[in-house]
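Next come the chains, spelled out residue by residue.
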Amino acid sequence: MRAFNFFQLASVPEPVKKYIIHLHSLLNAPNPSLPEIQATYDQGWNRLTEKYFQKAEWPEAEIIAPLVNHDELFLTLYRELYFRHVFARLQPDLDDRFHSYENYCSLFNLILNSPGPVPLSLPIDWLYNIVDEFVYQYQNFALWRSKVGNKSEDEKMILAESGHIWSCYSVLNVLYSLIQKSKIQDQLAAAQKGEDVEAAGGEFGSIQLYYHLGYFSILGLLRVHVLLGDYTLALAILDGIDLNKKALFTRVTGAHVATYYYTAFSYLMLGRYPDAIRALSHILFFVLRLKHFQRGSQFDQINKTADRMYALMAICQALCPSKMDEGISTAMKEKFGEQFAKMLRGGEESIPAFQEMFTHGAPRFISPNPPPYELETDSALENYASLPDPSSHQLSLFLSSVQPQLNNSNLRSFLRLYTTLGTDKLAGFLGVDEEECLEMLMVAKGAARKFTWAQGGLLEGQTVGVSDLNFGIDETHVTVAESKTSRRYGDFFLRHGLKFAEVYSQLSAKPLPIPKARSSGSNGVPAAVASATPVPTATEGARKEVAWA
């Protein structure tokens, strides 16, 4: 076996060997340089992947073990990168899924069960990616496991005997254990009160490795609870984390985008549309600025998430119209203008548009309960397959909350035409009886007031009016009061002023074109005047032309 591994090691490209040795030496240096580790981890790995492993696996950990003196901690980290590459660029098989889970268990057991803090320094991006990939592979496995129709008999037998592999309990246990070990919630509470954070963290929490893993485990739980459909618990887990520009997660672009996406989606499913719009506006404006500076596979994933958030924004704006940034509005209408117009019109015809936008913008939900492979009967699996999948269930819940609001848009359009009118007349406009008209008015009245965050935890807030159209009902009469909001000319002026400054700076950086010398008497210019015009020499002209080119 050793001879075989030695033969395989000899076939590993030399730059890859040097990279592994260099990364190992950086991680084991007396004073590790996090910027250098980050550059080697991010740029070096991606560069070698593009060159040697676009459609192939990296060398297995057992093969490269002699290069790092069989350092078990490093090999565990290397396996995490190895399986992350398999899931990102290749098609993982059942062995890959199981071995990746076992490697995560080894890594987290090493960190959690160590008698003292593990002497390991990793960049913040790497630590976030470990937690994020752990949750992603759990979601990927749960979706794959739930498809009972395409499993072989061997796969069914293995799954029946391995119910603990990637179970919901084990994943939640890891995330909550990292939070508890780091005492991250105590540290966040101490920071908000202005108390000593390190004292609150204790022996482990005061170490950056544990602090960051605990912090990102909170974000991992946010994602898991959303995937399981528990939106209240998803927002509650963020208590202690301030959603502002100084928060730790904003230092990692992927964490920044994902946190606001799952927060906004939770607000959407709870019917708190103004809060969802505020969260989406913040992160979409950030992505609009980011696209001018970032490139690569990570930003491609961010772009995909941004498209999903534009779909969610279209839903929120259709159900709760409000002011939003002009750039975000333009981008949203470019992507989903037709569907947005259908949702705005309301009525039963808008349901397919709502369904399409929700399907596009929502994550892929999972069930905490796996199929009953252990029963070893086809009927049990058929019964499980006949149940609605989690995504269809969440879609039905969303449409049931939207259904009563479909007539609000049509109702508001009639109310804007009057200051007072009778309910019988309004019912005639709407083509319904008076009792149904009163029901529609009460629904619209409820939709005009929403529970909105003001301060404190994300679940806290107060009920405020969110519509520019207010009305009161006195028996059979409706009194309408419309408040028109003025346009924000200041924002419009600043935005176009910045655009002009950018265009002007680009034009100023370019040299002016060289005017052609006019011949004597051409175009009606006297010969004396034409001859007085200085003509550059051949050398000067050539030099200027080169500069212009």
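Residues numbered from 1 in each chain as written. Predicted model: local features only at pLDDT ≥ 70, side-chain atom pairs only at ≥ 80, totals over all residues. Heavy atoms only, no water.

A. Region of the structure containing the overall build of the protein chain. When helices and strands are tallied, the protein chain shows 26 helices and 5 strands. For the protein chain, buried positions account for 44% of its 549 residues. Across the protein chain, the fraction of contacts at a sequence separation of at least 24, relative to all contacts at a separation of at least 6, is 69%. Put simply, the protein chain shows about 29600 Å² of open surface, and 54% of that area lies on carbon and sulfur atoms. (Helix = DSSP H or I, 4+ residues; strand = E, 2+ residues; numbered from the N terminus. Buried < 20%, exposed > 50% of the residue type's maximum accessible area, 1.4 Å probe, protein only. Contact = heavy atoms within 4.5 Å. Areas by Shrake-Rupley, 256 points an atom, 1.4 Å probe, with all protein chains shown as cover.)

B. Summary view of the packing of helix 6 (residues 94-112) against helix 7 (residues 124-146). Viewed as axis vectors pointing N to C, helix 6 and helix 7 meet at an angle of 145 degrees, and their least axial separation amounts to 11 Å. Regarding helix 6 and helix 7, the two cross each other, and that crossing is left-handed. Residues L94, R97, F98, S100, Y104, L107 and F108 of helix 6 pack against I130, E133, F134, Q137, N140, F141 and W144 of helix 7. When its residues are assigned to classes, the contact of helix 6 with helix 7 shows 9 nonpolar, 3 polar and 2 charged. (Axes fitted to C-alpha atoms, helices over the stretch in contact; angles between N-to-C directions. Left-handed = near helix turned anticlockwise from the far one by under 90°. Nonpolar A, V, L, I, M, F, W, Y, C, P; charged D, E, K, R; others polar.)

C. Fine view of the side chain of Q317. Looking at the element boundaries, Q317 is found in helix 16 (residues 297-319). What Q317 contacts, discounting residues up to four positions off in sequence, is I277, S322, M324, F340 and L344.

D. Focus on helix 9 (residues 168-182). For helix 9, which comprises 15 residues, the first-to-last C-alpha distance of 22 Å matches the rise-based estimate of 21 Å (1.5 Å per residue) to within 8%. For helix 9, the set of buried residues is C168, S170, V171, L172, V174, L175, L178, I179 and S182. Looking at the buried side of helix 9, the elements it contacts are helix 6, helix 7, helix 10 (184-193), helix 11 (197-205) and helix 12 (208-227). Phi turns positive, to about 50 degrees, at K183, one or two residues after helix 9. (Expected span 1.5 Å × (residues − 1).)

E. A look at the pairing of strand 2 (residues 449-452). Residue alternation in strand 2 divides its side chains into a buried set, K450 and T452, and an unburied set, R449 and F451. Direction of pairing for strand 2 relative to strand 3 (residues 462-465): antiparallel, over a ladder of 4 bridges. Paired with K450 across the strands is V464, a residue of strand 3. (Pairing = 2+ DSSP bridges.)

F. Focus on the packing of aromatic side chains. Within this structure, the stated rule accounts for 28 aromatic pairs. Note on F500 and Y504: the rings are 6.3 Å apart at their centroids and 20 degrees apart in plane angle, and the pair reads as stacked. With F500 and Y504 both in helix 24 (residues 489-508), this residue pair falls 4 residues apart, about one helical turn. Pair check on accessibility: F500 and Y504 agree, each one exposed. An aromatic cluster is present here, built from Y19, W45, Y52, F53, W58 and Y78 joined pairwise through their rings. Above the plane of the ring of W144 lies K151, whose end atom (NZ or CZ) is 4.3 Å from the centre. Geometry around F204 places K181 over its ring, the cationic atom sitting 4.1 Å from the centre. (Phe/Tyr/Trp six-rings, centres within 6.5 Å; stacked < 30°, edge-to-face > 60°. Lys NZ or Arg CZ within 6 Å of the ring centre and 35° of its normal.)

G. Layout of the environment of L411. Tracing the backbone through its elements, the reader meets L411 in helix 21 (residues 408-415). Judged by its relative accessible area of 1%, L411 falls in the buried class. Taking the C-alpha atoms as reference points, L411 and G346, separated by 65 residues in sequence, lie 9.8 Å from one another. Not counting the four nearest positions on each side in its chain, L411 is found in contact with L426, L430, M440, L441 and A444.

H. Seen up close, helix 3 (residues 34-52). End to end, helix 3 covers 26 Å across 19 residues, agreeing with the expected 27 Å (1.5 Å per residue, within 8%). Buried residues along helix 3 sit against helix 2 (14-27), helix 5 (72-89) and helix 7.

I. Focus on the nonpolar core. Membership of the largest hydrophobic core comes to 149 residues, with the highest contact counts inside it found for W126, Y215, F265 and F354. If we ignore the near neighbours within four places in the chain, the residues touching F354 are I315, A318, L319, M343, F398, L399, V402 and L406. Core analysis: the next-biggest nonpolar cluster, separate from the first, contains 14 residues, L411, L415, L430 and V478 among them. (Core = buried A, V, L, I, M, F, W, Y, C linked by side-chain atoms within 4.5 Å.)

J. Structural context of the pattern of salt bridges. Taken as a whole and assessed by the stated rule, the structure comprises 11 salt bridges. Residue E14 pairs with K17 through a salt bridge whose shortest N-O separation is 3.9 Å. With E14 and K17 both in helix 2 and 3 residues apart, the pair spans about one turn of that helix. Since its relative accessible area comes to 45%, E14 is described here as partly exposed. (Salt bridge = Lys/Arg side-chain N within 4 Å of Asp/Glu carboxyl O.)

K. Examining unusual backbone geometry more closely. For H70, which is not glycine, the phi dihedral falls at a positive 55 degrees. You can see H70 is positioned in the loop between helix 4 (61-64) and helix 5. Residue H70 is classed as exposed on the basis of its relative accessible area of 54%. Unlike most non-glycine residues, K183 shows phi in positive territory, near 50 degrees. Here K183 shows up in the loop between helix 9 and helix 10.

L. Geometry of the confidence of the model for the protein chain. Averaged over all residues, the pLDDT of the protein chain is 86; the fraction at 70 or higher stands at 89%. Contacts for the low-pLDDT stretch residues 521-549, under 50 throughout, to residues beyond four places or in other chains number 17 contacts. (pLDDT = per-residue confidence, 0-100.)

M. Local environment of the environment of N410. Note on placement: N410 falls in helix 21. Separated by 64 residues in sequence, N410 and G346 place their C-alpha atoms 6.9 Å apart.

N. Main features of the environment of D307. Relative to the elements of secondary structure, D307 occurs in helix 16. D307 sits in the partly exposed class, given a relative accessible area of 26%. Between the alpha carbons of D307 and K335 there is a distance of 8.0 Å; along the sequence they are 28 residues apart. With sequence-adjacent residues up to four places away left out, D307 is seen in contact with K335, F336 and H360.

O. Molecular detail of the side chain of K156. Structurally, K156 can be placed in helix 8 (residues 153-161). Assessed through its relative accessible area of 16%, K156 is described here as buried. Leave out the neighbours within four places in its chain, and K156 touches V148, K151, Y373, D378 and L381.

P. Structural detail: a negative patch on the surface. A surface patch of like charges, here negative, comprises D424, D433, E434, E435, E436 and E439. The biggest single contributor to the negative patch is helix 23 (residues 434-447), with 4 residues. Within the secondary structure, E436 sits in helix 23. Owing to a relative accessible area of 35%, E436 belongs among the partly exposed residues under this scheme. (Patch = residues over 30% accessible without salt bridge, like charges linked within 9 Å, V, L, I, M, F, W, Y side chains within 5 Å. Lys, Arg positive; Asp, Glu negative; His and termini not counted. Charge placed at Lys NZ, Arg CZ, Asp CG, Glu CD.)

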